[in-house]
Amino acid sequence: MVYGKIVSFARNGFHDGSQFHLAYKRFRSHRLGVIGLVIVIGYLFFAIAGPIIVPRDPTAMDSASRLAGPSMAHPFGTDHYGRDVFTRTVVGARASLQVAVLSVGFATIAGVTFGLVSGFFRGYVDEAIMRAVDVMLAFPSILLALVVIAILGPGLNRTILALGIAYTPLMLRITRGSALSVREEEYVTAAVAYGERSWNVMFKEMFPNLFPTVIVQATITFAFAILVEAALSYLGLSAQPPTVTWGIMISEGQEVLTVNPWMSIFPGLAIIVTVLGLTFLGIGLRDSLDAQEDGTIGGGFQ
Amino acid sequence: MSILSYAAKRLFVSIWVLFGASILIFGIVHLVPGDPARVTLGRFADREAVEGVRQEMGLNDPLYVQYSDWLVGTLTGDWGNSLISNQPVLTLIVERFPKSIELALFALAIAVVISLPLGIMGALNRSTKTDQATLFFSQIGIAIPNFWLGIMLALIFGRYLGVLPASGSVAFTEDPVQNIRHLILPGVSLGILAAAVLTRYMRSEMIDQLNKDYVTTARAFGHPKKRIVWKYTLKNALIPYVTMLGMQFGFLIGGVVVIETVFAYGGVGQLILNGLLNRDYPIVQMSLLILAGTFILVNLVVDIVYGYLNPRISY
Amino acid sequence: MSSSDEPLLEVENLRTEFRTDRGTVKAADGVSFSIERGETYGVVGESGAGKTVTGLSVIGLIDNPGQIVGGEIRYKGRDLRTLSQEELRSIRGDEIAMIFQDPMTALNPAYTVGTQIIDTILTHNDCSKSEARERTIKLLEDVGIPDPEERVDSYPHQFSGGMRQRALIAMALSCDPDLIIADEPTTALDVTIQAQILDLLDDLQEKHGLSIQLITHDMGLVAEMCDRVSVMYAGKKIEEGPVGEIFSSPKHPYTVGLMNAVPRLNDPRERLEAIPGNMPDLIDNPSGCSFRPRCEYATEECKQIEPPLEPAGAGGAHTSACLKLDEIDFDTSIVPDRTTDETPVEGTNFGEPIIEADGLQKYFDPENQSWFEKYLGDRDYVHAVEDVSLTVHRGETLGIVGESGCGKSTLGRVLLRLYEPDEGTIVYSGDDITEMGRSELRNLRSEVQMVFQDPFSSLNPQKTVLDIIGRPLEVHDQVANSEEKRERVVELLEDVGMSERHLNRYPHEFSGGQKQRIGIARALAVEPDFIVADEPVSALDVSVQAKIINMLDDLQEKYDLTYLFIAHDLNVVQHISDHIGVMYLGEIVEFGTVQQVFEPPYHPYTEILLSSIPKHHPDVDEERIDPDGELPSAIHPPSGCRFHTRCPQAMPECETKNPEQRTIDGNHEISCHLFDSDGNPTDEYETTIDVSAKSQMVDPGEPQ
Ligand SMILES: Nc1ncnc2c1ncn2[C@@H]1O[C@H](COP(=O)(O)OP(=O)(O)OP(=O)(O)O)[C@@H](O)[C@H]1O
Ligand code: SF4
Ligand code: SF4
Ligand SMILES: [Mg+2]
């Protein structure tokens, strides 16, 4: 359409420098994206440095004050053992980060590799990979994670593997989708025509052009991994106490809900803020990188 | 070719996928580290019993024979017994499955009722306050963990306000009103995420369609705006929406595992969870299989509806 | 209120702008014109000149971020700009209808063609649904859609491109409008279909007394269709006049340049005249005359004063916006274009064969065939290339022409083994390419190269020019270090008319023509002998096209290159080629030197292609032969002669028997039953066209 063309020309015009430079400039003026980035940086800071900087030991019990509401001494209140909820919320960020980083990292590396191979070679290779993916996608990702947990048993590390496996077919499908369309671009044929090795074509020619899509999806998947990890640990299938996770805190809080609802409220808010931050960041990245999206942010990633 | 042969083709795909899924689920017991017989019997079974089960499970047969035996058993309703309660798995699942499906459907209905009008409104009022409110809803809806939302709703409406039951379930045949009352809180907690995702989706599809060339054509030929929006673009936007709806239903099925626990709802979801925690493999396997099967079935239906709606599909 | 001698549409000083982050795009900058009743008025110009925006402005379809900021649009005396949305809506479609460029996307995919036309009728007329349906069927019949009673219930995707455009024309006619604005109505279609659509528009205009505003980039279409024409450049009208006058005595340097840039049939010219530079981006128009940076006559004065439109011929109907109107001798600046008896020199003695292909076949899986249909049940194939044999000699250019989807690109890629052939052999300089292993193939890649069609897709957007052109050098170890690479890339850039300062830029910073140059430099990097050029100029504007064609010519001479030149534009192919292969549905139906192919006897398909080319001067009169229908599907190609479904001379045996290849004379080959085994035309053979008439031009000096 005329407007589309004129507007996108105005946006992209004959500007100088690389695409990423342009993306950076656009991101800087993307308010939602910047807010998201700030939240995510805060989250990363607490997750990494949290256990060192918090004033209290998350397992220290204050028997004088149990199940207390927010106060100066305990801004988020205390739990049934008199442990400080604020401290535990900060410390709880770590488990979620651990699970999300490792599982999404796993899914991204595996998904991108297979997706590229599938989209580059097409034909029988693609056929074989996609038939396997079809089967994996017969399970909504949380059920697929449950299958893995059924085999390996509950635990934090196993949740990582379970989510990694569960998200792989989704990352794969998205990568393959864009890879197939990038494969049609003439510069890819050009690279094949001047004798570039397949591996280089995939990773040097195609991957940089898929990168926006991959990074946006990884960000969004990260958010969902946090949500699902929380759900699994709430169900008792992920980390076990005394490890502190937001899910466990909510689950423990549920038992004393009517006495001290704050015990569940704060870790829940922590999850919401983190996930919001990540989705904002994802939207910012998507808009500034002009990435393709699978219809909707996170549509298929629960 | 007709819609029938198209449907037959989709059915073929579904059968393939179901076949793959059954292998995966059959594999669970064999992939668990250790002797499948012991795994099946639980940690505390004595050696003799284990040996007996080895015989019974045919563990000494080649794997494909074991699989086909298992498949035949599954298809003929011989689903084994729970290791814990020793009740037949079939009975347990038949009893609970309808409840879970009812919950998922209820949540889906909520999602549709919210997302359709909201998505369309957002798209039509792009970049206005209305649109921003729509986007805000969908953002928040995605970020709230559904189990936490469930807990909060139960606290507010169940405990503080006391207007709705905060746990349990009642069969529709027993008491329709109570049945619905028990569905509301879990349904909303489960459905909000789907509503949020679908709202975004509907909005972006609608915006996409409004920017299409055929809209320019329609305008150039003087069609009234009403017709352009409610007839021309809406149908085009609904086609992909239906596909997304099918996917969301799958995720709702996954979500019941969590939500049923929050509300002690007593469906298949809770069955799976208890099975997992107690290593009650027959229960876990069959429950997962039935949920995956439902998802596959729903996708089949969606595919067929999609084929029906979308004239471009070549049967 | 409206007297009949007043023009139907009068646009005065129209200014339409788009507000963007980068500034205001002045898409239409003071455009004035008027259209009389029953007239066909052409608007011609290169992409981005503001043609479409002008058309959309007339019917008030400009919305955010665009805005009509000034001017008057009077239709039958009423200023459309003062009308309410509702009043305007009742005029759209009812009195002024618009046909768009891309028939593929202009129809709603979710509703039947009938529904869409019926809705249009019901919007503007008080009639019942069944009456509207009757009328729709009648209209579909009028625009030449077969079986209209059935087709009325078809969905757009069940129509081919040409049929969709017909359906849109039916929609445009549905409410008896007085004016149709047709925006590049045939650009997305093949020449044979284009010819059909133009004929249709011509007939309908006569029948309904329509006025047509024809927006196009193709001077040929203007010559064919229009009464008067205006030439647009950078948002402004720079010349206007009766078509005959504009063609025989253009009075603006840009118009002259535009006409000289187009290659023509039987064009005796060695080189095309190109206009230097590109059209300015509509944001910062240069002061004064906007054509100044590209004008060879520009002086200081042109920088100061914006040239007004002034009468440029007797009678005042011809106007031009050039300050040097009286000083430039336009007559001598027009390339004489009379057909001479000496046809371009055709070297017949080229070197040894460089590529010999024999019995090539390439099948694809149809797009919508699912995986299990492939392995179970009847597997369908797209027969993209079916039994093609050809030889390319060192130093020559072999042109391949044919309609879209006939398998030209596939053939080009199979020859380089970018697609694995399913059958056949390809011998390159004595070695069989199809037998080569991986490393041999990689070595081959430094000797054969490819140039692509789409400048937007042929360069990796993430890489700098240095890396794009330099990478093949690294792959083949032709440079030792980055210093050498840089030097070599600069050399290559200079070869294609660019320079060192472009080294570290990214593709998006270049115009289409420049991108194409970079693509050519990349192909040249490894010093290949054989280059497959797949429609290298078809995405470019004519003025740029000429430059690239000239450059390809120069490079061929300089580096002794052999080209396989794929194109759908016969004019371009004949200009650059030594031999030509005409392709139809996966087969080469005629092969020979340019002269042999362009002179009788023809293969019936070649004849049709030749006759479909729009003429290059309005005064040329000629017959046009239209084929029946459109290119059949390559999944189930017709039996016997694949062309029999469309061939005007088809005989009963054509349906069953595949014609053998006949040698007419020398190496001129035709596959058609109309030729006997000695290569002589049989009694049934007849030819109606004479290509030489195509390009015949009235003496430029002769007054009209
Ligand atoms: N990779 C592919 N997979 C499936 N079908 C293909 C593929 N490439 C081409 N085809 C089909 O093969 C036929 C010939 O295509 P090809 O691109 O060679 O035609 P062409 O003459 O170059 O057309 P155009 O003028 O549009 O470029 C078409 O029917 C096309 O749809
Ligand atoms: S006004 Fe000057 S610059 Fe413009 S076209 Fe005429 S001579 Fe060229
Ligand atoms: S063989 Fe028959 S159908 Fe084919 S081109 Fe010749 S006359 Fe036409
Ligand atoms: Mg092509």
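Check the entry above for the structure.
Residues numbered from 1 in each chain as written. Chains lettered and ligands numbered in written order. Predicted model: local features only at pLDDT ≥ 70, side-chain atom pairs only at ≥ 80, totals over all residues. Heavy atoms only, no water.

Asker: Sorry, what's going on with the overall build of chain C here?
Answerer: Counting its secondary structure elements, chain C contains 24 helices and 24 strands. In summary, chain C has a C-alpha radius of gyration of 27 Å against a globular reference of 27 Å for 704 residues, a match within 12%. Counting only C-alpha atoms and orienting by the principal axes, one finds that chain C spans roughly 80 × 65 × 55 Å. Across the 704 residues that make up chain C, the buried fraction comes to 60%. In chain C, once contacts between residues fewer than 6 apart in sequence are set aside, the share between residues at least 24 apart is 68%. Carbon and sulfur atoms provide 43% of the accessible area of chain C, an area that totals close to 27,200 Å². (Helix = DSSP H or I, 4+ residues; strand = E, 2+ residues; numbered from the N terminus. Rg over C-alpha atoms; globule rule 2.2 N^0.38 Å. Buried < 20%, exposed > 50% of the residue type's maximum accessible area, 1.4 Å probe, protein only. Contact = heavy atoms within 4.5 Å. Areas by Shrake-Rupley, 256 points an atom, 1.4 Å probe, with all protein chains shown as cover.)

Asker: What's the story with the site of ligand 1 in this structure? I'm lost.
Answerer: Residue and element names in this part refer to chain C. Ser404, Gly405, Lys408, Ser409 and Thr410 are the nearest of the 14 residues found near ligand 1. Between an oxygen atom of ligand 1 and a side-chain N or O atom of Lys408, the distance comes to 2.7 Å. Take Thr410: an N or O atom from its side chain is 2.3 Å from an oxygen atom of ligand 1. Summarising the interface, the protein chains cover 67% of the accessible area of ligand 1, which totals 640 Å² for the free molecule. Elements that contribute at least two residues to the shell around ligand 1 include exactly strand S14 (382-393) and helix H15 (408-415). Broken down by element, the shell around ligand 1 gets its largest block of residues, 3 residues, from H15. Of the residues assigned to the shell around ligand 1, the class counts are 5 nonpolar, 5 polar and 4 charged. (Near = heavy atom within 4 Å. Polar contact = N/O pair within 3.5 Å; in protein donor to acceptor, adjacent residues only side chain to side chain. Nonpolar A, V, L, I, M, F, W, Y, C, P; charged D, E, K, R; others polar.)

Asker: Is there a simple way to explain the packing of aromatic side chains in this structure?
Answerer: Geometry of an aromatic ring pair is reported as the spacing of the ring centres plus the angle between the planes. Enumeration according to the criterion identifies 24 aromatic pairs over all chains in this entry. The interplanar angle of 80 degrees and the centroid separation of 6.3 Å between the aromatic rings of Phe19 of chain B and Tyr67 of chain B together place this pair among those described as edge-to-face. Taken together, the residues Phe19 of chain B in helix H1 (residues 3-31) and Tyr67 of chain B in helix H4 (residues 63-75) connect sequence positions 48 residues apart. Taking relative accessible area as the criterion, Tyr67 of chain B reaches 12% and is therefore assigned buried. With a centroid separation of 4.9 Å and 75 degrees between ring planes, the pair formed by Tyr584 of chain C and Phe643 of chain C is classed as edge-to-face. Residue Tyr584 of chain C is found in strand S21 (residues 579-584), and its partner Phe643 of chain C is found in the loop between helix H23 (604-612) and strand S23 (661-665); the two are separated by 59 residues along the sequence. Phe643 of chain C carries the same exposure label as Tyr584 of chain C, and that label is buried. Grouping aromatic residues by their ring pairs yields a cluster made of Trp16, Phe19, Phe26, Tyr67 and Trp70 of chain B. We note Lys235 of chain B situated over the ring of Tyr111 of chain C; from NZ or CZ to the ring centre the distance is 4.9 Å. (Phe/Tyr/Trp six-rings, centres within 6.5 Å; stacked < 30°, edge-to-face > 60°. Lys NZ or Arg CZ within 6 Å of the ring centre and 35° of its normal.)

Asker: So what exactly am I meant to see when it comes to the sheet that holds strand S1 (residues 9-20) of chain C here?
Answerer: Strand pairing in a sheet relies on backbone hydrogen bonds, with the paired strands running either antiparallel or parallel. All names here are of chain C. Read from one edge to the other, the open sheet built from 4 strands follows the order S2-S1-S4-S5, with strand pairing classed as antiparallel. The open sheet has two free edges, formed respectively by strand S2 (23-35) and strand S5 (78-79), since each of these has just one partner strand. Pairing analysis gives 10 bridges linking S1 to S2, with the strands arranged antiparallel. Counterpart to Arg15 in the pairing with S2 is Asp29. Running over the sheet, helix H1 (residues 51-58) touches S1, S2 and strand S4 (66-75) and is turned about 115 degrees from S1. (Pairing = 2+ DSSP bridges. Axes fitted to C-alpha atoms, helices over the stretch in contact; angles between N-to-C directions.)

Asker: I would appreciate a short explanation of the interface of chain B and chain C in the present structure.
Answerer: Many descriptions give the size of an interface as the accessible area lost when the pieces come together. Across the contact, 22 residues belong to chain B and 33 residues belong to chain C. When chain B packs against chain C, close to 2,600 Å² is buried across both sides, 61% of that on carbon and sulfur atoms. Considering only the side of chain B, the residues that lose the most area to chain C are Arg219, Phe221 and Pro311 of chain B, jointly responsible for 25% of the buried surface there. Counting across the chain B and chain C interface gives 1 salt bridge. Between Asp119 of chain C and Lys231 of chain B there is a salt bridge, and its shortest N-O distance comes to 2.9 Å. Remark: the boundary between chain B and chain C carries 16 residue pairs in polar contact (both at pLDDT 80 or more). Counting residues per element, the ones that place at least two in the side of chain B that touches chain C are H1, helix H9 (213-220) and helix H10 (225-262) of chain B. In terms of residues, the side of chain B that touches chain C owes the most to one element, H9 of chain B, which gives 6 residues. The class makeup of the residues in the side of chain B that touches chain C is 9 nonpolar, 6 polar and 7 charged. (Buried area = accessible area lost by both parts, 1.4 Å probe. Salt bridge = Lys/Arg side-chain N within 4 Å of Asp/Glu carboxyl O.)

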